[in-house]
Amino acid sequence: MPISYLTRIVEFSATHRIRRADWAPERNAAAFGQAATDHGHRYQCAVTVKGRLVAEAGGVMSLGALDALLAEEITNRLDGKSINAALPQFADGQRLATGEALAVYVWERLAPRLPPDVTLHAVRVQEGPHLYSEYFGEA
C-alpha cells in the first residue's frame, strides 16, 4: 500500500507573551520587543500525519478522529485564551511561548495519541501571514 500524508489545519485566536521571569522588564523589552507584553494572534496550526492508505479508515486515518484529537489538544485548550495561562508549560519561568516552542508542544501532545501505524510528520504553527515555525520531531 502506498504511503500518504494528510494535513489538517486548525485555527484559533490566543494571546501570549514572550518574556523570561528571571530578567528585568527592561531586559525582556530589549530582547523581545513588543512580544514581551501580552498580545494576540490568529494562529493557524497545520498538523501532518503519515501512514499507509487504509480503506477502512478512509485514508491515512479517520478524519473525524483526527479532528477530534486536534480539537481536544489544540483549539479547546487555546482558542480565546492566553497561552501562558492555559498551558502550565508556558507560564512565566517555564518555556518561552514562541511559535517554535508551541510547535514542539503540539507534537508532544499529539504524537503518542495517534493510531497504530500512523506517525506525526510535521507540525506548523503560523502566527501571521509572514511568520511560521515548523517541527518535525527532531530532538
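Presented here is a report on the structure given in the accompanying data block. For every chain, the first residue of the written sequence is number 1, and numbering continues from 1 onward in sequence order. Given that the model is predicted, a residue must reach a pLDDT of at least 70 before its local features are reported, and side-chain atom pairs must reach 80 or more before they are shown or counted; all residues, however, enter totals for whole chains, interfaces and linings. Values shown for side chains rest on all heavy atoms present in the structure; no hydrogens or waters enter the calculation.

**Here we look at the overall build of the protein**
Phase 1 of the analysis: When its secondary structure is counted, the protein shows four helices and five strands.
Phase 2 of the analysis: Helices (α) and strands (β) of the protein occur, in sequence order from the N terminus, as β-α-β-α-β-α-α-β-β.
Phase 3 of the analysis: By its C-alpha atoms, the protein is 55 × 30 × 25 Å across when sized along the principal axes.
Phase 4 of the analysis: Classification of the 139 residues of the protein by burial places 39% in the buried group.
Phase 5 of the analysis: We call two residues contacting when some pair of their heavy atoms lies within 4.5 Å. In the protein, the proportion of contacts linking residues at least 24 apart, taken out of those at least 6 apart, comes to 67%. Numbering goes from the N terminus for both helices and strands, where a helix is a DSSP run of H or I of at least four residues and a strand is a run of E of at least two. Think of it in three bands: residues with accessible area under 20% of the maximum for their type are buried, residues over 50% are exposed, and the middle band is partly exposed, with areas taken using a 1.4 Å probe on protein chains only.

**Digging into the nonpolar core**
Phase 1 of the analysis: Among the nonpolar cores identified, the biggest contains 31 residues, and C45, I74, I83 and L102 are the most heavily contacted of them.
Phase 2 of the analysis: The set of elements that each furnish at least two residues to this core consists of β1 (3-16), β2 (39-52), α2 (63-78), α4 (99-110) and β4 (118-128).
Phase 3 of the analysis: At seven residues, α4 tops the list of elements feeding residues into this core.
Phase 4 of the analysis: Once residues within four sequence positions are removed from consideration, I83 is found in contact with A14, T15, H16, Y43, L78, F90, A97 and L102. Buried residues of nine kinds, namely Ala, Val, Leu, Ile, Met, Phe, Trp, Tyr and Cys, make up a nonpolar core once their side-chain atoms join them within 4.5 Å.

**Regarding the packing of aromatic side chains**
Phase 1 of the analysis: Pairing of aromatic side chains requires ring centres within 6.5 Å, counting the rings of Phe and Tyr and the six-membered ring of Trp. Pairs whose planes differ by under 30 degrees are stacked, by over 60 edge-to-face, and all others tilted. Applying the stated rule across the entire model yields four aromatic pairs.
Phase 2 of the analysis: When the ring of F12 is compared with that of Y43, the centres are 4.9 Å apart and the planes differ by 15°; the resulting orientation is stacked. Pair noted here: F12 is in strand β1 and Y43 is in strand β2, with a separation of 31 residues, a long-range link.
Phase 3 of the analysis: Measuring from ring centre to ring centre gives 5.8 Å for W23 and F32, while their planes differ by 15°; the resulting arrangement is stacked.
Phase 4 of the analysis: Only Lys NZ and Arg CZ are tested; either one counts as a charge over a ring when it is within 6 Å of the ring centre and within 35 degrees of the ring normal. Geometry around Y132 places R124 over its ring, the cationic atom sitting 3.3 Å from the centre.

**With respect to the sheet that holds β4**
Paired through backbone hydrogen bonds, the strands of a sheet run either parallel or antiparallel to each other.
Phase 1 of the analysis: Spatial ordering of the open sheet is given by β3-β1-β2-β4-β5, a layout of five strands whose pairing is mixed. In this open sheet, the two edge strands, each paired with only one partner strand, are β3 (81-82) and β5 (131-135).
Phase 2 of the analysis: Where β2 lies against β4, eight bridges are found, and the strand directions are antiparallel. In the sheet register, G51 faces β4, and the bridge partner there is V118.
Phase 3 of the analysis: Note on geometry: axes are C-alpha line fits, over the in-contact stretch for helices, and angles between N-to-C directions span 0 to 180 degrees. Taken strand by strand, α2 contacts β1, β2 and β3, and its axis lies near 20° from that of β1.
Phase 4 of the analysis: Of the strands in this sheet, β1, β2, β4 and β5 touch α4, which is tilted by about 150° from β4. Whether two strands pair comes down to DSSP finding at least two bridges between them.

**Some thoughts on the packing of α2 against α4**
Phase 1 of the analysis: Packing of α2 against α4 brings their axes to within 10 Å, and their N-to-C directions diverge by 140°. Comparing the axis directions of α2 and α4 gives the class oblique. For the crossing formed where α2 meets α4, the hand is right-handed. Contacts between α2 and α4 pair L69, L70, E73, I74, R77 and L78 from the former with L102, Y105, V106, R109 and L110 from the latter.
Phase 2 of the analysis: Following the grouping adopted for this structure description, the nonpolar residues are Ala, Val, Leu, Ile, Met, Phe, Trp, Tyr, Cys and Pro, the charged ones are Asp, Glu, Lys and Arg, and the polar ones are all others, Gly among them. Grouping the amino acids of the contact of α2 with α4 by side-chain chemistry returns eight nonpolar, no polar and three charged. Oblique is the label for every angle not falling under 35 degrees (roughly parallel), over 145 degrees (roughly antiparallel), or within 65 to 115 degrees (roughly perpendicular). If you view the pair so one helix is near and one far, a crossing is left-handed when the near helix is turned anticlockwise from the far one by less than a right angle, and right-handed when it is turned clockwise.

Keep in mind these values describe shape, not function.
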